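Structure assessment
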Amino acid sequence: MDSAEILVLQASYTNPLHAEAIGIVLNHYAEDPMGGGHPIAPELLQRLPEELARRPYAFSVLAFVGGEPAGLVNCFEGFSTFACKPLVNVHDVAVVGKFRGLGLSQKMLCKVEDIARQRGCCKITLEVLAGNAVAQGAYRKFGFAPGMFNPDHGQMLFWIKNLQA
């Protein structure tokens, strides 16, 4: 596929085309085994862009191939107390199956890094499933590594406590 057909941009949550693309790609991700294997309720997908727009620390990067929604990265700005600077946490990275192998994750992460640098961020963080070797390879290629302060204490772990019944 010709790289001229690939468009990567920061999403505008109020743009109906971008809002629809976010829902399409995120639902594709949710239906994938690496995203949990279940679709997201249509009413949640409908509300998502508006909810993201209400949060000034949220931003999304979209990839289109030939005008078709192909990739998504959802990010949230956080804060590093040790560096006393903002950071960007990558919350979702998704590429629609038929568009995998085009380097979209690398292109979208480049855009995320550009935005993070513009915001004066000290780092970009993300979490990845231990069993998702393909994603881990893409993140390593981009320069990510497992989090660690001191090798004697091991790698950082991502834990959750679910608050939904």
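Before going into details, it helps to say that this report is about the structure given with it. The structure displayed is predicted, hence computed values, not measured ones. (Residues numbered from 1 in each chain as written. Predicted model: local features only at pLDDT ≥ 70, side-chain atom pairs only at ≥ 80, totals over all residues. Heavy atoms only, no water.)

Evaluation of the coordinates by the stated rule reveals four aromatic pairs. Aromatic pair tyrosine 57 and phenylalanine 76: ring centres 6.5 Å apart, planes at 50°, arrangement tilted. Highlighted residues: tyrosine 57 in the loop between helix H2 (42-53) and strand E2 (58-65) and phenylalanine 76 in strand E3 (residues 68-80), separated in sequence by 19 residues. Under the relative-accessibility criterion, tyrosine 57 is labelled partly exposed at 40%. On the basis of relative accessible area, phenylalanine 76 is assigned to the partly exposed category, the value being 23%. Through successive ring pairs, a cluster of aromatic residues spans Tyr139, Phe142 and Phe144. (Phe/Tyr/Trp six-rings, centres within 6.5 Å; stacked < 30°, edge-to-face > 60°. Helix = DSSP H or I, 4+ residues; strand = E, 2+ residues; numbered from the N terminus. Buried < 20%, exposed > 50% of the residue type's maximum accessible area, 1.4 Å probe, protein only.)

All right, on to a nonpolar patch on the surface then. Taken together, the side chains of Phe82, Phe149 and Met156 present a nonpolar region at the surface, about 440 Å² in accessible area. For methionine 156, the location among the structural elements is in the segment after helix H4 (133-142). Judged by relative accessible area, methionine 156 falls into the partly exposed class, the value being 47%. (Patch = residues over 30% accessible without salt bridge, like charges linked within 9 Å, V, L, I, M, F, W, Y side chains within 5 Å. Areas by Shrake-Rupley, 256 points an atom, 1.4 Å probe, with all protein chains shown as cover. Salt bridge = Lys/Arg side-chain N within 4 Å of Asp/Glu carboxyl O.)

Applying the stated rule across the entire model yields six salt bridges. Between arginine 119 and glutamate 77 there is a salt bridge, with its nearest N and O atoms 3.0 Å apart. Of the two residues, arginine 119 is situated in the loop between helix H3 (104-118) and strand E5 (124-126) and glutamate 77 in strand E3; the sequence distance between them amounts to 42 residues. Taking the relative accessible area as the measure of exposure, arginine 119 reaches 28% and is therefore partly exposed. By relative accessible area, glutamate 77 is classed as partly exposed at 31%. For arginine 117, the salt bridge goes to glutamate 113, with nearest N and O atoms at 2.9 Å. Residue arginine 117 and its partner glutamate 113 are located together in helix H3, separated by four residues, close to a single helical turn.

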